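Take a look at the letters that make up each chain.
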Amino acid sequence: SQSTLAAVFQDRFDIVYMTALFERLVPAFFLARALPYAVGLQRDQSARQFEAEHRAGGSAMSSLIERLLAHECDRIARGASLRWGSTILLVARRR
């Protein structure tokens with residue numbers, strides 16, 4: 001968690017900025033990836049399908065992800081922090 005990470009760094013560093021990342025992707029990936037497999041609606045993909053989906057601009061899913069991440073990039077550019085996500089970004093300065 002962010003509080004746990006801050007506790008580890010706060011004795012030797014000044015935390016400049018901390019935010020979660022991929023806030024909107026967590027529920028989107030669950031619905032698009034995990035749920036179909038869990039209920040047996042999707043089978044394994046070929047390497048070509050996998051590469052196409054993960055290339056920027058390579059599929060409708062990539063375009064959707066880019067739009068979802070644009071919101072986060074805008075918030076981070078304004079100095080705002082996201083409360084939750086799958087990853088934590090911490091920027092700190094050594095004391």
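Refer to the structure printed above.
If you're wondering where the values come from, they're calculated on a predicted model, not measured in any experiment. (Residues numbered from 1 in each chain as written. Predicted model: local features only at pLDDT ≥ 70, side-chain atom pairs only at ≥ 80, totals over all residues. Heavy atoms only, no water.)

Re the overall build of the protein
Applicable threshold: Per the convention used, a helix needs a DSSP run of H or I reaching at least four residues, while a strand needs a run of E reaching at least two, with both numbered from the N terminus. Here, two residues are considered to be in contact whenever any of their heavy atoms come within 4.5 Å of each other. Using a 1.4 Å probe, the Shrake-Rupley method yields the accessible areas, and only the shown protein chains count as cover for residues.
Along the protein, the regular secondary structure elements total 4 helices and 2 strands. Across the protein, helices and strands are ordered from the amino to the carboxyl terminus as α-β-α-α-α-β. Across the protein, contacts joining residues at least 24 apart in sequence account for 74% of those joining residues at least 6 apart. Accessible surface computed for the protein: about 7000 Å², of which carbon and sulfur atoms make up 57%.

Points about the side chain of Glu72
Here Glu72 lies in helix α4 (residues 60–77). Non-local contacts of Glu72, meaning those with residues more than four positions away in its chain, are made with Leu21, Phe22, Glu23, Arg24 and Leu82.

Observations regarding the environment of Arg12
Under the convention used in this document: Here the term buried applies to any residue with accessible area under 20% of the maximum for its type, exposed to any over 50%, and partly exposed to those in between, with areas from a 1.4 Å probe on protein chains only.
Residue placement: Arg12 occurs in the loop between α1 (2–9) and β1 (13–21). Judged by its relative accessible area of 60%, Arg12 is exposed. Sequence separation of Arg12 and Ala92 is 80 residues, and the distance between their C-alpha atoms is 9.5 Å. Among residues more than four places away in sequence, those in contact with Arg12 are Arg94 and Arg95.

Section: unusual backbone geometry
Although it is not a glycine, Phe22 adopts a positive phi angle of roughly 65°. Mapping Phe22 onto the fold places it in the loop between β1 and α2 (25–38).

Considering the pattern of salt bridges
Test applied: Each reported salt bridge corresponds to a side-chain nitrogen of Lys or Arg within 4 Å of a carboxyl oxygen of Asp or Glu.
Taken as a whole and assessed by the stated rule, the structure comprises 1 salt bridge. Arg95 serves as the salt-bridge partner of Asp14, at 2.8 Å between the closest nitrogen and oxygen. In this pair, Asp14 is assigned in strand β1 and Arg95 in the segment after β2 (87–94), connecting sequence segments 81 residues apart.

Focus on the side chain of Glu23
The test is simple: Positive residues here are Lys and Arg, negative ones are Asp and Glu, while His and the chain termini are left out of the count.
Tracing the backbone through its elements, the reader meets Glu23 in the loop between β1 and α2. Lacking a salt bridge, the buried Glu23 has Arg75 as its closest oppositely charged neighbour, with an N-O distance of 4.5 Å. Dropping the residues within four chain positions of it, Glu23 is found in contact with His71, Glu72, Arg75, Leu82, Arg83, Trp84 and Gly85.

Description of a nonpolar patch on the surface
We count it as follows: Residues form patches when they are more than 30% accessible in relative terms and have no salt bridge. Like charges link within 9 Å. Nonpolar side chains (Val, Leu, Ile, Met, Phe, Trp, Tyr) link within 5 Å.
A cluster of nonpolar side chains, contributed by Val16, Leu89 and Val91, occupies part of the molecular surface with about 210 Å² of accessible area. Among the secondary structure elements, Val16 is positioned in strand β1. Exposure remark for Val16: the relative accessible area of 44% places this residue in the partly exposed category.

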